[in-house]
Amino acid sequence: MWHNGDENNEAQGGLLMNNALLVIDYSYDFAAPDGKLTAGEAAQAIETAIVDRIREAHEACQPIFFMMDLHFEQDDLHPESKLFPPHNIEGTEGRALYGRVHDVYEEIKDEQNIFFIDKRRYSAFAGTPLNQLLQERKVDTVTLTGLVTDICIMHTAVDAYNNGYGIVVPASCVASFNPAGHESALDHFKNALGATVEP
Ligand code: ZN
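Reading guide: rules and limits
Residues numbered from 1 in each chain as written. Predicted model: local features only at pLDDT ≥ 70, side-chain atom pairs only at ≥ 80, totals over all residues. Heavy atoms only, no water. Donors = N, O, S within 2.8 Å, 3.2 Å for Na, K, Ca; no water. Tetrahedral: all angles 85-135°; square planar, octahedral: opposite > 155°, others 65-115°. Helix = DSSP H or I, 4+ residues; strand = E, 2+ residues; numbered from the N terminus. Expected span 1.5 Å × (residues − 1). Buried < 20%, exposed > 50% of the residue type's maximum accessible area, 1.4 Å probe, protein only. Contact = heavy atoms within 4.5 Å.

Visitor: I tried to follow the coordination of the zinc ion on my own but got confused; where do I start?
Guide: Tetrahedral coordination by four donors puts the ideal angle at the metal at 109.5 degrees, and octahedral coordination by six puts it at 90 or 180 degrees. Those protein atoms acting as donors to the zinc ion are Asp 69 (OD), His 71 (NE2), Glu 80 (OE) and His 87 (NE2), and they sit at 2.0 to 2.1 Å. One can describe the donor arrangement at the zinc ion as irregular, given that its 4 donor atoms subtend angles of 91 to 167 degrees at the metal. The sequence motif formed by the donor residues of the zinc ion is D-x1-H-x8-E-x6-H. Within this pair, whereas His 71 is found in the loop between β2 (64–69) and α5 (99–108), its partner His 87 is found in the loop between β2 and α5, the two being separated by 16 residues in sequence.

The structure is reproduced here in structure tokens:
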């Protein structure tokens, strides 16, 4: 069930904040032990925390956006083709949501304000209807979860900042194959983008 904005605000202790949860690139290829571009154990370690966030957001009737990298086979003109091995290819299991994040998505996917949206660049805003969907729902703060901290989460955070959204990043819900990049991204979210970085 979807509540209106006022009820949502009351649910958050009267703070004037309408939050949306973004789950970014938590795919088999990015998270599974044998994924094509996996962040490995670091990615698997955030699974439970992401599931908990999804359940919390769902109970609070917040919109939830599953934003998913989409690539095509032999798409040599895509800029990532020079940088990374093929991953998240259209029609493969590699771009299915991973683990229990997949399970909880299957439970709630038919409800209102649960979205699964393809993206073709690092940022969840680039070339997607995300900004319009957030604006239509009067969302002013986005909570960013998923993979990987210093690439897709970073680019999404920068676009969220440029579009005027408040940003929350739970550190327990983001991971990277680059531990140093992960840490420096968390610093950047806090110090340059004014994000609330939660434990
Ligand atoms: Zn990609």
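That shown, we press on.
Visitor: What exactly am I supposed to notice about helix α7 (residues 149–162) here?
Guide: Turn by turn, an α-helix covers 3.6 residues, leaving residues three or four places apart pointing in a common direction. Relative to the 20 Å expected for 14 residues at 1.5 Å per residue, α7 spans 18 Å between its end C-alpha atoms, a close match to the ideal helical length. Among all positions in α7, only Thr 149, Ile 151, Cys 152, Ile 153, Met 154, Thr 156, Ala 157 and Ala 160 are buried. For α7, the secondary structure elements touched by its buried residues are β1 (19–24), β3 (114–119), β4 (141–147), β5 (166–170), β6 (174–175) and α8 (179–191). Gly 164 occupies a position one or two residues after α7 and carries a positive phi of about 90 degrees.

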